[in-house]
Amino acid sequence: MAMNFHPDKNKDAGAEEKFKEIAEAYEVLSDPNKKQIYDQYGYEGLQGGPGEQNCEGGPHFTHTNNGDPRATFSQFFGSSNPFESFFTGAEENMDFEDHLFGGFGQSNRGTPGHTCTKVKEPTIEREVFVSLEDIANGCQKKMKISKNIYKKEGTATQENKVLKINVKPGWKSGTKITFEKEGDQVPGRIAADVAFIIRDKPHPVFTRDGENILYSCKVELRDALCGTTVKVPTLEGGKVSLDFSEKVIKPTTVRKLKGLGLPIPKDPTKRGDLVVSFDIIFPDKVSETDKNIIRDFL
């Protein structure tokens with residue numbers, strides 16, 4: 001096909017332009033870096049210009065050939081005058097436009113009067129687990145990212161960067177913080193946003209219910225029936241005493257300690273509650289003597 005459009009052989013209008021486009025196709029195929037970018041990102045990744053797409057959905061061809069198309073052609077065929085051996089034989093059935101690049105040789109300049117826009121990469125999301133203590137007080141999380149920066153000539157470098165997340169007191173699980181255009185940078189495309197999603201880190205003592213903190217207190221059956229005083233831990237590290245010396249603790253008993261929960265995001269000066277429930281521990285076995293005493297007592 002390239003030989004059909006060689007300007008030394010074909011004097012038709014447009015033949016030389018077609019020949020240049022075929023040479024450009026070979027230049028990309030023969031360069032592993034450029035071919036890798038083309039395979040992954042298409043024309044937008046190869047473009048040395050603004051990297052726009054045409055309004056019909058095709059790439060706006062702005063890639064610049066770095067060499068003389070005749071020299072490129074010579075490199076491919078191994079001769080500056082390939083026609084001596086090739087024009088007398090059958091042309092090999094290969095269509096660069098349709099099979100290799102899906103329209104590489106077309107200029108695709110777009111439809112007049114339409115504004116074309118760059119394509120933005122999809123948002124990259126990562127979860128960040130934050131302890132209840134940090135949610136209660138607020139904190140700063142530093143997230144190190146590494147992103148690739150691709151050059152229009154096909155080379156790539158890696159950039160390390162630290163993104164800082166200022167976690168506000170009371171933030172709910174699912175809160176999303178977005179850093180615009182911090183993803184990989186590819187010529188002709190808008191870099192992806194990087195988003196971090198706040199998640200509650202599992203706590204060994206408490207569980208979270210919105211702005212409230214839940215605590216399950218284990219109590220022996222004897223203490224639940226005969227009365228006791230229990231010590232309830234707080235998120236700040238202290239303890240609160242609950243007096244049940246004159247009361248029976250039932251499995252459905254609940255106590256709320258006002259203002260000992262998490263800050264309310266819309267008004268951090270206000271806090272939720274520490275909600276205490278009770279897990280009554282029953283014995284595995286009861287002797288006949290104890291059974292009789294219990295029967296008489298109840």
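These numbers come from a predicted model, not from an experiment. (Residues numbered from 1 in each chain as written. Predicted model: local features only at pLDDT ≥ 70, side-chain atom pairs only at ≥ 80, totals over all residues. Heavy atoms only, no water.)

### A look at the overall build of the chain
- Broken down by element type, the chain carries nine helices and 15 strands.
- In the chain, which comprises 298 residues, the share counted as buried stands at 37%.
- The long-range fraction of contacts in the chain, counting pairs at least 24 apart against all pairs at least 6 apart in sequence, stands at 58%.
- Only carbon and sulfur atoms are counted for the fraction: they give 48% of the accessible area of the chain, which is about 18100 Å². (Helix = DSSP H or I, 4+ residues; strand = E, 2+ residues; numbered from the N terminus. Buried < 20%, exposed > 50% of the residue type's maximum accessible area, 1.4 Å probe, protein only. Contact = heavy atoms within 4.5 Å. Areas by Shrake-Rupley, 256 points an atom, 1.4 Å probe, with all protein chains shown as cover.)

### What about the packing of aromatic side chains?
- For the coordinates displayed, the defined rule picks out three aromatic pairs.
- With 5.9 Å between their ring centres and 80° between their planes, F179 and F196 make a pair best called edge-to-face. Residue F179 is found in strand 5 (residues 176-179), and its partner F196 is found in strand 7 (residues 194-200); the two are separated by 17 residues along the sequence.
- Accessibility expressed as a relative area gives 3% for F196, which makes it buried.
- Taken together, a centroid distance of 5.3 Å and an interplanar angle of 80° make the contact between F244 and F278 edge-to-face. Linking F244 in the loop between strand 11 (239-243) and strand 12 (254-257) with F278 in strand 15 (residues 274-281), this pair joins segments that are 34 residues apart in sequence.
- Residue F278 is classed as buried on the basis of its relative accessible area, which comes to 6%. (Phe/Tyr/Trp six-rings, centres within 6.5 Å; stacked < 30°, edge-to-face > 60°.)

### Overview of the pattern of salt bridges
- Within the structure shown, the criterion is met by 15 salt bridges.
- A salt bridge links R222 to D223, with the shortest nitrogen-to-oxygen separation between them at 3.8 Å.
- Through salt bridges with shared partners, one network takes in K147, E159, K161 and E182. (Salt bridge = Lys/Arg side-chain N within 4 Å of Asp/Glu carboxyl O.)

### Structural notes on a nonpolar patch on the surface
- A cluster of nonpolar side chains, contributed by V286, I294, F297 and L298, occupies part of the molecular surface with about 460 Å² of accessible area.
- With respect to the helices and strands, I294 occurs in helix 9 (residues 288-297).
- Take I294: its relative accessible area is 41%, and that puts it in the partly exposed class. (Patch = residues over 30% accessible without salt bridge, like charges linked within 9 Å, V, L, I, M, F, W, Y side chains within 5 Å.)

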